[in-house]
Amino acid sequence: LCGLPKTRYNSFTSGKLNLSAYYCYKIMEGLRVTEEYVEKKSGKQFTDTQRGDLRRVAWMESNSDIINALMSSKKLTQDVRETINKRK
């Protein structure tokens, strides 16, 4: 399903593993469904935490170049952190 290995998918459907935000996002992306669609079909609302986690994963997926640059440069990470702290 949606590029997930069969064993991983089976672990989720059997209840052996909880579905993390990353895998939930990947499944939703693969099925091309929105948060609203999932909520409507399931009859359950995402919590604010779940919604935030899904959006964080989506942002990380679409901005991997920024993450890679930050991972490879302590100075850049420090500069970004200082800029964020100045804006608080």
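Placed above this text is the structure.
Structure report, in brief.

For the rest of this paragraph, the subject is the overall build of the protein chain. When its secondary structure is counted, the protein chain shows six helices and zero strands. Tracing the protein chain from N to C terminus, the helices and strands come up as α-α-α-α-α-α. A globule of 88 residues ought to have a C-alpha radius of gyration of about 12 Å, yet the protein chain, at 17 Å, is considerably larger. C-alpha atoms of the protein chain, sized along the principal axes, occupy 45 × 25 × 25 Å.

Counting six residues, the largest nonpolar core consists of Cys24, Tyr25, Met28, Phe46, Leu54 and Val57. When residues of this core are traced back to their parent elements, those giving at least two are α2 (21–31) and α4 (48–62). Top contributing element to this core by residue count: α2, with three residues. Not counting residues within four places of it along the chain, the set of residues in contact with Phe46 comprises Cys24, Met28, Glu35, Val38, Glu39, Arg51 and Leu54.

Let us look at a nonpolar patch on the surface. Side chains of Trp59, Met60 and Ile66 sit close together on the surface and give an oily, nonpolar patch of about 300 Å² of accessible area. Tracing the chain through its elements places Ile66 in helix α5 (residues 64–72). Exposure remark for Ile66: the relative accessible area of 38% places this residue in the partly exposed category.

What counts, and where the lines are drawn
- Residues numbered from 1 in each chain as written.
- Predicted model: local features only at pLDDT ≥ 70, side-chain atom pairs only at ≥ 80, totals over all residues.
- Heavy atoms only, no water.
- Helix = DSSP H or I, 4+ residues; strand = E, 2+ residues; numbered from the N terminus.
- Rg over C-alpha atoms; globule rule 2.2 N^0.38 Å.
- Core = buried A, V, L, I, M, F, W, Y, C linked by side-chain atoms within 4.5 Å.
- Buried < 20%, exposed > 50% of the residue type's maximum accessible area, 1.4 Å probe, protein only.
- Contact = heavy atoms within 4.5 Å.
- Patch = residues over 30% accessible without salt bridge, like charges linked within 9 Å, V, L, I, M, F, W, Y side chains within 5 Å.
- Areas by Shrake-Rupley, 256 points an atom, 1.4 Å probe, with all protein chains shown as cover.
- Salt bridge = Lys/Arg side-chain N within 4 Å of Asp/Glu carboxyl O.

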